[in-house]
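# Fold and geometry: a report
Single-letter residue listing:
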Amino acid sequence: MLRGNALVAVRGDRRLFAGLDFALDAGELLYVNGPNGSGKTTLLRMLCGLVAPAEGAILWNGEDIRSVGDAYRAEMVYFGHLAGVKDELSGVENLRVNCRLAGQDPSDEELTRALGTLGLRGLETLPAKVLSQGQRRRVSLSRLLLSRAHLWILDEPYTALDRSAVELLQGLIRDHLARGGLAVLTTHQQVEIDAGITKELRLGS
Amino acid sequence: MALNWFKYSSPASFYPLAGRLAPWFGVAAALLTLTGLYLGFFVAPTDYKQGEAYRIIFIHVPAAWMSMFIYLVMAFYAGLGLVFNTRLSAFMARALAPTGALFTFISLWTGALWGKPMWGAWWVWDARLTSELILLFLYLGFISLQAAIEDPRRAARASGLLALIGAVNVPIIYFSVQWWNTLHQGASISMSQGSAMAATMLTAMLVMTLAFWMYTIAVVLTRVRCEILERERHSEWVAEVASRETR
Amino acid sequence: MEMSGIGLLSGTRNILARDLTLAGRRITDVLTTLFFFVIVVSLFPLGVGPEMNTLRMIAPGILWVAALLATMLSLGRLFTADYIDGTLEQMLLSPQPLSLIVLGKVAAHWLVTGAPLVLMSPLLGLQFGLGGAALGVLMLTLLIGTPVLSLVGAMGAALTLGLRGGGALISLLVLPLYIPVLIFGAGAVEAVASGLEAGAHLSLLGALLVLALCFGPWVTAAALRISLE
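What comes next concerns the included structure. Note that this is a predicted model, so its numbers are computed, not measured. (Residues numbered from 1 in each chain as written. Chains lettered and ligands numbered in written order. Predicted model: local features only at pLDDT ≥ 70, side-chain atom pairs only at ≥ 80, totals over all residues. Heavy atoms only, no water.)

The next point concerns the overall build of chain C. Scanning chain C from N- to C-terminus turns up 9 helices and 0 strands. Starting at the N terminus and walking to the C terminus, you meet the elements of chain C as α-α-α-α-α-α-α-α-α. The C-alpha radius of gyration of chain C comes to 18 Å, within 12% of the 17 Å expected for a compact globule of 229 residues. Among the 229 residues that make up chain C, the fraction classed as buried is 57%. Partitioning the intrachain contacts of chain C with sequence separation of at least 6 by distance along the chain shows that 81% fall at a separation of at least 24. Here chain C carries 9 positive and 10 negative side-chain charges, and the mean point of each set is 5 Å from the other. (Helix = DSSP H or I, 4+ residues; strand = E, 2+ residues; numbered from the N terminus. Rg over C-alpha atoms; globule rule 2.2 N^0.38 Å. Buried < 20%, exposed > 50% of the residue type's maximum accessible area, 1.4 Å probe, protein only. Contact = heavy atoms within 4.5 Å. Lys, Arg positive; Asp, Glu negative; His and termini not counted. Charge placed at Lys NZ, Arg CZ, Asp CG, Glu CD.)

See below:
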């Protein structure tokens, strides 16, 4: 499904990594690790198509993601360092805008249910600025619940989450893989990933 | 030119080529400038209406032509760099900008010098001078954007896009300034007005234009060489060049 | 993907609605631009003197230059908030065409900054002694011209996203591109004020709007992809 061929990443005039190959198929998790500055985030942004590889290509079902374009973006969800949550909007409003950006239009009940699952029952209509850092991350994560994407790209998703939220997210990833989805994940926290087939990719070694 | 451009589009092979060519263009620029100035200042006849002061046009007009032409060449290279992702084109666009801005400035400055005896004012809002002024702003925008972005790749691509936006707008701006000027009928003088241009005048102007071209090429090649060295300083061939030239 | 013709513009509508909601909850931002416009225009009689004939003569230019500056001032906000909180990244990753999302953002920007200027302009024109016909044309030119300012400004905002000194830089990039709009906009009002026809000015202004609508969002989308790389 997802393949990286001889990828090279350059930041400024520094080479982050070179000659990187990997292959990921349905139901598999790619766990990317390595020290700070080894290019984990750059690799994940490359996989989304935000950054072009300096050399090499990323293939989705055998086609270069840069030529697939919008159709690839419809099958992928990216969860990065930034939450993408607006202070002035409520949880429901934030989630609705994000889902519509991803090309979906869930009903109010679905939105409320998704937020409830992430432990935000009763907080759905409050503006996000009164929520804590962790709660805002939860609002942002709730779009994974409604997403129909095959490929999840998660950059440090456990940041600012408490133990229960971490367990919840792990469950979500497990279910996603069990449904035949793909996931790419980076994390610094010690979290066991007990999901199906896990492939590991070490950067900066 | 019958050169194989694809071979020379790689910085490593362009670097020595540019090094060999630049001095020749420099010499050509010096010789042509001397010829052009001699023709313009000593051979061309005195203008019966404007006296000797008109001779500034041998610098003013070629500089104005060059300023506009360089912008188009710059936009062309910027477009090439964006479409084909060739780094050398981006280097060229970047190297052309300061020279273009310089010629724009020279043409404004000499325009003011010419304007004083002609119109009795250092500056008049005539269509040509105003367009040149706006062109200077466009150059400054390009240079400032490039300077403000630290990542060289983003700098090249963003300023390339800006150059293309500018190139599309130059005709629109030029036309609108012409329109504005005809509506507000100000003092305006055209150099072909008053006196039919003598053949020697035209020759001198063309020689000067050619001289400016040669100067531009020499300077741009040198600037691109510096740029290449700086960007590729971690590569092996630069290390080789450095060891060869310090030996 | 299930994307019909109507579905295509849903990205535009979604962002337009969101930005208008946000503007409604941050109403001071909207008012700041409008007040800036009013204050800049009011400074001129103080600088030039209260002579009504002089003021009437320079009014179209002043109102138009103030409109340019007010728009410029608001451009920084266009993408910055979305850039900082990561929403812009999600927009780039959306399966909807980015240019249509940009169109939604620019439309919201115009409704929030350009449209109030249009509505406020006749009041300010009155202070400068402009007559009825001139006031009408002033509003009409601003109505056609301010969307061009938003569309062209968006390109500059996208190119300078996240840069140090972005505010000053943006004016250097964008103001030269605003010159044709200024010339035709102020020219039309001047023409009518001195009893001439303004048809040609208005057609040219309209042509600029069509051109900016066709290419602006697309170029801005390209600039955003460059800036976020």
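Attention now moves to the overall build of chain B. Secondary structure assignment for chain B yields 8 helices and 0 strands. Secondary structure elements of chain B occur, N-terminal to C-terminal, as α-α-α-α-α-α-α-α. Out of the 247 residues belonging to chain B, those deemed buried represent 47%. Long-range contacts, defined here as pairs at least 24 residues apart, represent 78% of the contacts in chain B between residues at least 6 apart. Accessible area of chain B: about 12,300 Å², with a carbon and sulfur share of 69%. (Areas by Shrake-Rupley, 256 points an atom, 1.4 Å probe, with all protein chains shown as cover.)

With that settled, consider the packing of helix α4 (residues 87–119) of chain B against helix α5 (residues 127–148) of chain B. All names here are of chain B. Interhelical geometry of α4 versus α5 gives an angle of 155 degrees and a closest axis separation of 9 Å. Regarding the angle of α4 to α5, the classification is roughly antiparallel. Pair α4 / α5 crosses with left-handed handedness. Facing Ala93, Arg94, Ala97, Pro98, Gly100, Ala101, Thr104, Phe105, Ser107, Leu108, Gly111 and Trp119 of α4, the residues of α5 in contact are Leu129, Glu132, Leu133, Leu135, Leu136, Tyr139, Phe142, Ile143 and Gln146. Its residues assigned to classes, the contact of α4 with α5 comprises 14 nonpolar, 5 polar and 2 charged. (Axes fitted to C-alpha atoms, helices over the stretch in contact; angles between N-to-C directions. Parallel < 35°, antiparallel > 145°, perpendicular 65-115°, else oblique. Left-handed = near helix turned anticlockwise from the far one by under 90°. Nonpolar A, V, L, I, M, F, W, Y, C, P; charged D, E, K, R; others polar.)

For the rest of this paragraph, the subject is the state of the cysteines. Residue and element names in this part refer to chain A. By the definition in use, this model includes 0 disulfides over all chains. Between Cys48, a cysteine without a disulfide, and Cys99, which holds the nearest cysteine sulfur, the sulfur-to-sulfur distance is 17 Å. With relative accessibility at 1%, the residue Cys48 sits in the buried group. For Cys99, a relative accessible area of 2% puts it in the buried group. (Disulfide = S-S within 2.5 Å.)

It is worth spelling out unusual backbone geometry at this point. All names here are of chain A. Positive phi is not limited to glycine here, since Ala6 has a value of about 45 degrees. In this fold, Ala6 is placed in strand β1 (residues 2–11). One non-glycine residue, Asn61, lies in positive phi territory at about 55 degrees. With respect to the element layout, Asn61 can be found in the loop between β4 (55–60) and β5 (63–64).

Our focus in this paragraph is the interface of chain C and chain A. In this assembly, 29 residues from chain C lie in contact with 28 residues from chain A. Across the chain C/chain A interface, buried area totals approximately 2,600 Å², and carbon plus sulfur atoms make up 54% of it. Taken as a group, C:Leu93, C:Pro95 and C:Glu229 account for 25% of the area that chain C buries against chain A, more than any other trio of residues on that side. The tally of links between chain C and chain A comes to 5 salt bridges. Across the pair C:Asp82 and A:Lys86 runs a salt bridge whose closest N-O atoms are separated by 2.6 Å. For the pair chain C and chain A, the number of links is 14 residue pairs in polar contact (both at pLDDT 80 or more). Taken together, the elements giving at least two residues each to the side of chain C that touches chain A come down to α2 (10–25), α4 (52–85), α5 (87–92) and α9 (199–228) of chain C. Looking at the side of chain C that touches chain A, the element that brings in the most residues is α2(C), giving 6 residues. Class assignment of the residues belonging to the side of chain C that touches chain A gives a composition of 13 nonpolar, 7 polar and 9 charged. (Buried area = accessible area lost by both parts, 1.4 Å probe. Salt bridge = Lys/Arg side-chain N within 4 Å of Asp/Glu carboxyl O. Polar contact = N/O pair within 3.5 Å; in protein donor to acceptor, adjacent residues only side chain to side chain.)

Before going further, it helps to spend a moment on the sheet that holds strand β7 (residues 151–155) of chain A. Residues and elements named next belong to chain A. Taken together, the 5 strands give an open sheet; going across it, the order is β6-β7-β8-β3-β9, and neighbouring strands pair in parallel fashion. Two strands lie at the open edges of the sheet, namely β6 (76–79) and β9 (197–202), each paired on one side alone. Averaged over all neighbouring strand pairs, the angle between strand axes comes to 15 degrees, with direction disregarded. Here β7 pairs with strand β8 (residues 182–186) via 5 bridges, running parallel. If you follow Ile153 over to β8, its bridge partner there is Val184. Across the sheet, helix α1 (residues 40–48) touches β3 (28–33), β6, β7, β8 and β9, and the angle it forms with β7 is around 155 degrees. Docked against the sheet, helix α6 (residues 133–146) engages β6 and β7, running at close to 165 degrees with respect to β6. (Pairing = 2+ DSSP bridges.)

Moving on to the packing of helix α6 (residues 98–127) of chain C against α9(C). Residue and element names in this part refer to chain C. At their nearest, the axes of α6 and α9 sit 8 Å apart, and the two run at 110 degrees to each other. Judged on the interaxial angle alone, α9 and α6 are roughly perpendicular. Together, Leu98, Ser99, Val102 and Leu103 of α6 and Leu213, Pro217, Trp218, Thr220, Ala221, Leu224 and Arg225 of α9 make up the contact between the two elements. Residue classes in the contact of α6 with α9 are distributed as 8 nonpolar, 2 polar and 1 charged.

Below, the discussion takes up the pairing of β4(A). All names here are of chain A. The sheet contact formed by β1 and β4 spans 5 bridges and is antiparallel. In the sheet register, Leu2 faces β4, and the bridge partner there is Trp60. Direction of pairing for β4 relative to β5: antiparallel, over a ladder of 2 bridges. Paired with Leu59 across the bridge in β5 is Asp64.

Each pocket or cavity is described by its volume, and for the largest pocket that value is around 1,300 Å³. Taken together, 46 residues make up the lining of the largest pocket; nearest its centre are A:Val10, A:Gly12, B:Arg87, B:Arg153 and B:Arg231. At the level of elements, β1, β2 (14–24) and α1 of chain A together with α3 (57–84), α4, α5, α6 (152–183) and α7 (199–231) of chain B are the ones that each hand at least two residues to the lining of the largest pocket. Looking at which element gives the most residues to the lining of the largest pocket, the answer is α6(B), with 8 residues. Looking at the lining of the largest pocket residue by residue, the classes come out as 18 nonpolar, 10 polar and 18 charged. By volume, the second largest pocket amounts to about 1,100 Å³. (1 Å grid on protein atoms, 1.4 Å probe; cavity = no way out; pocket = protein on both sides within 12 Å on 5 of 7 lines; lining within 4 Å. Points joined across faces, edges and corners; volume = space filled by probe spheres on them.)

This part covers the packing of aromatic side chains. Residues and elements named next belong to chain B. Taken as a whole and judged by the stated rule, the model has 11 aromatic pairs over all chains. Considering the side-chain rings of Phe69 and Trp213, the 5.4 Å spacing of their centres and the 85 degrees angle between planes classify their relative orientation as edge-to-face. One end of the pair, Phe69, is in helix α3; the other, Trp213, is in helix α7, with 144 residues separating them in the sequence. What makes Trp213 partly exposed here is its relative accessible area of 22%. Ring-pair connections join several aromatic residues into one group, and the members of that group are Phe103, Phe212 and Tyr215. (Phe/Tyr/Trp six-rings, centres within 6.5 Å; stacked < 30°, edge-to-face > 60°.)

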